Every structure is written in C-alpha cells, then in structure tokens.
Amino acid sequence: MNSDRPQLIGLPTRIRLIEPLGSGSSCTVWRARDTHSGRDFAIKLLPIRAGDALAAERLQREARALSRLSQVEGAISLHQVGVAADGTAWLLLDFAPGGSLRDCIQARAEETALPLSLPLSLPLPRPLPLPGPPTAPMPRTETLAASLYLTLAEAHSAGVIHGDISPANILFGQSGQPLLADFGMASLLGGGDGTLGVVGFTPAYAAPERFRGAPPDQASDVFALAATLWHWEFSQPHGISLAEVRSHDSEMSATHRDWMLGALSELPTERPDARMIADSLNSRLPLHKGNRWRWKYPRRDVE
C-alpha cells in the first residue's frame, strides 16, 4: 500500500492525513484528523481518470446515497466531497475505529486455528489481538441483525438500495454500534436515478437473482445482509444454495429459523422486507426495542 500522503486540493487545511487504513481495487482509505477538535475521520480516495465514467458515477452515487441517509443513525456519515486537480476524488466520512465485521470474522478464525505443525507437548502461542473493538466479545447474531435491518429499512424508506452488503461493508463505531457503509454500488429510487448504473456485487453474499442479471432491489439487500450474518454465525460464506442453509436447521435457534430462512429464500417474493425483520427481532430484544444500538464493547488489553 502506498503510504505517500496525497495532496488533496479543497480539503480543509485543518484536516490532516495520518495513515492509510486499507486499499482495494478502486479506492484507498486514510485515517485523518481535525487538528482543531482532535476528531478522527476517514477519507476515501477514488482516482478518476479522464473518460472513466464508471468511477465518476460510483462516486456520485455514493455521495448522493449518503446525503439521503444523513439522518439515519446506523449509516456511515458523509461530511464533505471533493475532486483534486489530479483527478482524485475524495469523500470525508466518519471514522469507524472498531473495524469491520470482516475483521471480526478473520480475527475469530485466527484465534480458533490450531498450528498443527507444532509438537503437541509445546504450549500453543496466544494470538495477538487486533487493537480495539474487533477483538472484544461480539453480541449474538440476532442483536446485530436487529440493528442492521432497522438501518436497512430506513435506507430503503429513503429510496436507497445498498446493492453490495458484505462483512467488509459493516463497520463498528466508537461505542461498538454497527454501521452500514460503502454505498459505491448503491441504486437510488426516484429523482431520475433509477436502479440502473453500477451493478457490481460480492458473489458470496449476493442473492440468486443477481447472478441472473437482475438489478439490485430491496429483496436482494435483505438476502445479502442475511448471508453476511450467516457468515458471522456459522464461520463460512453462505453462497447461494438454500439446501446448504437448511442443512444447518438443527443448529439454528427458533429465532434464527423465523427470520434467516425467510431472508435467504431463493425467491425474492418469499423474503420479508427489512422492516418486518427488524420489527420481529426488536420485539424479542427488550433492551433494543424502539431504540438504536446501546451495547458497548468492553476493551481488552494485551497481556
């Protein structure tokens, strides 16, 4: 990852880039700090070359989607957007110090993996925990689902289809609250945006109809979130086979069966909408009923 600090024209001078957090095929994310308030932010950088209409559209869609979700507490917040003279577009976003659900899944896999090459008579080395919330105990899947489906329902009410929900796109804020992020593949309903345009998705979590060329919609978002939570619950990506889901029936609680099997139905018309799932789950979780996320990560120090 290139650690050279880019020069972002238009970024307020009080915002200083601190360190790169990660990079993907289309963007790089940096941690930045407001030198006046001490508050941390994330800056998402998207190089847009001349004639790269797809990258430009993705930036515009993400900015417009996040603008619609400015009042949704469970969505990552956008503070400013700009394009530097060299064609690098940037989004100034909330910083999520708890990392992503993908980080949590990877950390759990590392902690449970046995180094089989070591003699059994030797003590096994303790895995080094990641800094911050991802190493802390996580709540049960129903609690995560209740908060995330409520956020998804509010996004749908605002006319925003996420289009690419996966563990990498669920972040955790300062107090451990889950946040829906990365709306670069979003579709916007109303206002002339339609559901066409950017249609990429993460195959392991995509609804079956997406593989047949169907555009993203509310039902495919419901499926993708359920597949993401399936991965967290059962330590494996879901894929697209309903037979695989039903093979775990004996491992599921009654609550799991009530919402997860429906959300993972192969037919979009058989899936409940996000609001129905959120209401059902919240009715079973008194501490969260009618409220946003209130659970906090206990910090774990390195021994």
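None of these values were measured; they are calculated from a predicted model.

**Regarding the overall build of the protein**
Then, number 1: For the protein, the count of helices and strands is 8 helices and 9 strands.
Then, number 2: Buried residues in the protein amount to 47% of all 303 residues.
Then, number 3: Relative to all contacts within the protein whose residues are 6 or more apart in sequence, the contacts with residues 24 or more apart total 62%.
Then, number 4: Carbon and sulfur atoms make up 53% of the accessible area of the protein, which totals about 15000 Å².

**Quick look at the nonpolar core**
Then, number 1: Leu101, Tyr149, Val160, Phe183, Leu225, Leu229 and Trp259 are the most contacted members of the largest nonpolar core, which has 56 residues in total.
Then, number 2: At 10 residues, the largest contribution of residues to this core is made by helix 5 (residues 218-234).
Then, number 3: If we skip the residues at most four places from it in the chain, tryptophan 259 touches Thr141, Glu142, Ala145, Tyr149, Ala226, Leu229, Ile277 and Leu281.

**Side note on the pattern of salt bridges**
Any two side chains of opposite charge can pair, given that their charged atoms come close.
Then, number 1: In total, this model carries 8 salt bridges according to the counting rule given.
Then, number 2: One salt bridge connects arginine 14 with aspartate 34, and the closest N-O pair in it is separated by 2.9 Å. Of the two residues, arginine 14 sits in the segment before strand 1 (15-23) while aspartate 34 sits in strand 2 (residues 28-34), which places them 20 residues apart along the sequence.
Then, number 3: A relative accessible area of 35% places arginine 14 in the partly exposed class.
Then, number 4: Exposure remark for aspartate 34: the relative accessible area of 7% places this residue in the buried category.

**Considerations on the confidence of the model for the protein**
Detail in the predicted coordinates should be disregarded across regions flagged by low pLDDT.
Then, number 1: Summing up the model confidence of the protein, the mean pLDDT is 78 and the portion of residues at 70 or higher is 70%.
Then, number 2: Across the protein, strand 6 (residues 160-161) holds the top mean pLDDT of 96, while helix 6 (residues 242-247) sits lowest at 62.
Then, number 3: This model gives residues 116-136 a pLDDT under 50, and the stretch forms 24 contacts once residues within four places in sequence are excluded.
Then, number 4: For the stretch residues 293-303, pLDDT sits under 50, and the model shows 33 contacts to residues farther than four places along the chain or on other chains.

**Comments concerning the packing of aromatic side chains**
Then, number 1: Within this structure, the stated rule accounts for 2 aromatic pairs.
Then, number 2: A ring pair is formed by tyrosine 149 and tryptophan 259, whose centres lie 5.8 Å apart and whose planes are at 75 degrees; its orientation type is edge-to-face. Of this pair, tyrosine 149 sits in helix 3 (residues 141-157) while tryptophan 259 is found in helix 7 (residues 254-263), placing the two residues 110 residues apart along the sequence. With respect to class, tyrosine 149 is no different from tryptophan 259; both count as buried.
Then, number 3: It is arginine 108 that lies over the ring of tryptophan 232; its NZ or CZ is 4.0 Å from the centre.

**What about the sheet that holds strand 4 (residues 78-83)?**
Then, number 1: Spatially, 5 strands are ordered 1-2-3-5-4 in an open sheet, and the strand pairing comes out antiparallel. Strand pairing shows two members of the sheet lacking a second neighbour, strand 1 and strand 4, which therefore form its edges. Geometrically, the sheet is characterised by an average inter-axis angle of 25 degrees between neighbouring strands, direction not taken into account.

**Things to note about unusual backbone geometry**
Among all residues save glycine, negative phi is the norm, and among peptide bonds the norm is trans.
Then, number 1: Positive phi, normally seen in glycine, also occurs at aspartate 182, with a value near 60 degrees.
Then, number 2: As for its placement among the helices and strands, aspartate 182 is situated in the loop between strand 8 (178-180) and strand 9 (187-188).

**Quick look at the pairing of strand 2**
Then, number 1: Bridge analysis of strand 1 against strand 2 gives 7 bridges, and the strand direction is antiparallel. Residue pairing across strands places glutamate 19 opposite arginine 31, the latter belonging to strand 2.
Then, number 2: The pairing of strand 2 with strand 3 (residues 40-47) spans 6 bridges and is classified as antiparallel. When the sheet's bridge partners are listed, arginine 33 is paired in strand 3 with aspartate 40.
Then, number 3: Here strand 2 folds back onto strand 3, and the loop between the two strands holds 5 residues, one of which, glycine 38, carries a positive phi near 80 degrees.

Each value, and the rule that gives it
Residues numbered from 1 in each chain as written. Predicted model: local features only at pLDDT ≥ 70, side-chain atom pairs only at ≥ 80, totals over all residues. Heavy atoms only, no water. Helix = DSSP H or I, 4+ residues; strand = E, 2+ residues; numbered from the N terminus. Buried < 20%, exposed > 50% of the residue type's maximum accessible area, 1.4 Å probe, protein only. Contact = heavy atoms within 4.5 Å. Areas by Shrake-Rupley, 256 points an atom, 1.4 Å probe, with all protein chains shown as cover. Core = buried A, V, L, I, M, F, W, Y, C linked by side-chain atoms within 4.5 Å. Salt bridge = Lys/Arg side-chain N within 4 Å of Asp/Glu carboxyl O. pLDDT = per-residue confidence, 0-100. Phe/Tyr/Trp six-rings, centres within 6.5 Å; stacked < 30°, edge-to-face > 60°. Lys NZ or Arg CZ within 6 Å of the ring centre and 35° of its normal. Pairing = 2+ DSSP bridges. Axes fitted to C-alpha atoms, helices over the stretch in contact; angles between N-to-C directions.

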